[in-house]
Each structure stands twice: as C-alpha cells, then as structure tokens.
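# Chains, contacts and geometry: an overview
Given next are the chains, with one letter for each unit.
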Amino acid sequence: DGPLRRRCRHAIALSPGSSINLTRAGATAQQMGDTKRALDFYQRANAIHPRAETFSNIGTIYYRLGDYAQAAAAYEGSILIRPLGATIYRNLGEAYTHLGRRDDARRAYTRAVTNAQARTVEQLVMADQLLAIVTTADPVVQEKVLRGEMGITAAYERLMRRPGKPVAPDAS
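Everything numeric here is computed off the predicted structure, so don't read it as measured data.

Let us now look at the nonpolar core. Grouped together as the largest cluster of nonpolar side chains are 25 residues, with contacts concentrated most on Phe-41, Ile-58, Tyr-75, Leu-92 and Tyr-96. When residues of this core are traced back to their parent elements, those giving at least two are α2 (19–31), α3 (35–48), α4 (52–65), α5 (68–81), α6 (87–98) and α7 (102–136).

Here it is as structure tokens:
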C-alpha cells in the first residue's frame with residue numbers, strides 16, 4: 001500500500017460523497033494497474049455527478065478489458081455530456097469496429113475528424129485574437145488577460161470596438 005493509495009483513501013474518507021475525490025482515486029488506481037478498483041471508483045463518481053471524462057475513463061477500461069459493448073456505452077455517455085471532443089468519437093468508432101457496427105463506426109470516425117478540424121479552426125482564431133491583443137491592446141487589457149481576469153474573446157471584442165481599432169483578422 002503506497003503513499004498515493006493512502007492519500008486517496010484518506011481523501012475519500014474525509015469526503016465520501018465527493019465525485020472529484022472518487023475520480024482522482026480512480027485515476028490513481030488506473031495508473032497503478034488496478035483496473036477493477038479504478039472502475040469501481042469511476043462508477044461511484046458518476047453515480048454522484050456524471051462527467052464526460054469519467055465516462056471516457058470507464059470506456060477506456062472496458063475497451064482494454066475487451067468488453068467493447070460496455071466501452072461503447074460509456075463513450076456514448078461521455079458524448080451525451082460533451083459532444084465536441086474528437087478523441088471520444090475516435091474511441092467510440094474503434095469500439096463499434098470491434099462490435100462489427102461498421103456504419104456506426106464510420107459515422108463516429110467522421111465526427112471525430114469534423115470535431116478535430118473545428119477545434120483547429122477555433123485555436124487559429126484564438127491565436128489571431130491573442131496576436132491582436134498583444135500587439136495593439138492597451139496594457140491594462142493585456143494585464144487582465146494575462147491574470148485571467150478577462151477572457152481572450154472579451155478582450156478582443158473590446159479591442160475591436162475602440163476608435164482606431166486594428167484590422168480584424170481574415171476569417172477565411
């Protein structure tokens with residue numbers, strides 16, 4: 001019984017109804033190769049407060065155990081909560097492939113590619129916005145962004161509204 005496991009038990013004992021502590025304990029058990037215990041912690045965490053990441057972790061465990069139907073069900077649960085990830089759709093596609101559900105797998109893989117491309121575009125837009133903020137915004141706005149007191153999009157929108165604003169990045 002290592003120090004990590006003791007800390008997890010202690011955290012759960014202090015707050016047994018904490019889905020966050022149970023999820024952390026699940027991650028620790030999973031890292032230590034104790035998949036049965038990890039699965040138990042994750043399922044208990046989801047019973048308290050379902051999270052996309054926890055469903056994904058459950059799916060990964062079932063996938064590695066070769067239980068592709070349970071893996072697919074867990075990945076589907078993750079998607080119900082947060083349908084924007086690319087990796088979760090890829091994982092779902094792989095589970096469907098093992099189950100012989102080729103059409104479902106093809107749809108999942110297509111969604112994975114679409115979501116990955118959308119995320120890339122979103123990141124490029126954010127990079128353009130950051131560049132505009134860093135090069136033309138007043139120092140007060142820059143400092144607020146750096147301290148996390150103002151979001152990038154809000155700072156950029158403020159920058160675009162002021163007189164003498166810079167030219168907005170090309171959206172194409």
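Next comes the rest of the account.
Contact geometry for α5 and α6: axes closest at 9 Å, N-to-C directions at 155°. Judged on the interaxial angle alone, α6 and α5 are roughly antiparallel. Here the hand of the crossing between α5 and α6 comes out left-handed. Residues Tyr-68, Ala-71, Ala-72, Tyr-75, Glu-76, Ser-78 and Ile-79 of α5 lie in contact with α6, whose contacting residues are Ile-88, Tyr-89, Asn-91, Leu-92, Ala-95, Tyr-96 and His-98.

Before going further, it helps to spend a moment on α5. Its 14 residues give α5 an end-to-end C-alpha distance of 20 Å, which sits within 8% of 20 Å, the value for a rise of 1.5 Å per residue. Listed as buried for α5 are Ala-71, Ala-72, Ala-74, Tyr-75, Gly-77, Ser-78 and Ile-79. Tucked into the core, α5 has its buried residues touching α4 and α6.

As a further point, take the confidence of the model for the protein. Looking at the protein, pLDDT values average 82 and 82% of them are 70 or higher. Contacts from residues 166–172, a stretch scored under 50 in pLDDT, to residues over four places away or in other chains number seven contacts.

A few words now on the pattern of salt bridges. One pass over the full model with this rule turns up seven salt bridges. For Asp-34, the salt bridge identified is with Arg-37, shortest N-O distance 3.8 Å. Under the relative-accessibility criterion, Asp-34 is labelled partly exposed at 22%. For the salt bridge of Arg-106 with Asp-103, the shortest nitrogen-to-oxygen distance reads 2.9 Å. Residue Arg-106 and its partner Asp-103 are both found in helix α7; the two are separated by three residues, about one turn of the helix. By relative accessible area, Arg-106 is classed as exposed at 51%. By sharing partners, the salt bridges in this structure join Arg-101, Asp-104 and Arg-107 into a single network.

What counts, and where the lines are drawn
Residues numbered from 1 in each chain as written. Predicted model: local features only at pLDDT ≥ 70, side-chain atom pairs only at ≥ 80, totals over all residues. Heavy atoms only, no water. Core = buried A, V, L, I, M, F, W, Y, C linked by side-chain atoms within 4.5 Å. Buried < 20%, exposed > 50% of the residue type's maximum accessible area, 1.4 Å probe, protein only. Helix = DSSP H or I, 4+ residues; strand = E, 2+ residues; numbered from the N terminus. Axes fitted to C-alpha atoms, helices over the stretch in contact; angles between N-to-C directions. Parallel < 35°, antiparallel > 145°, perpendicular 65-115°, else oblique. Left-handed = near helix turned anticlockwise from the far one by under 90°. Contact = heavy atoms within 4.5 Å. Expected span 1.5 Å × (residues − 1). pLDDT = per-residue confidence, 0-100. Salt bridge = Lys/Arg side-chain N within 4 Å of Asp/Glu carboxyl O.

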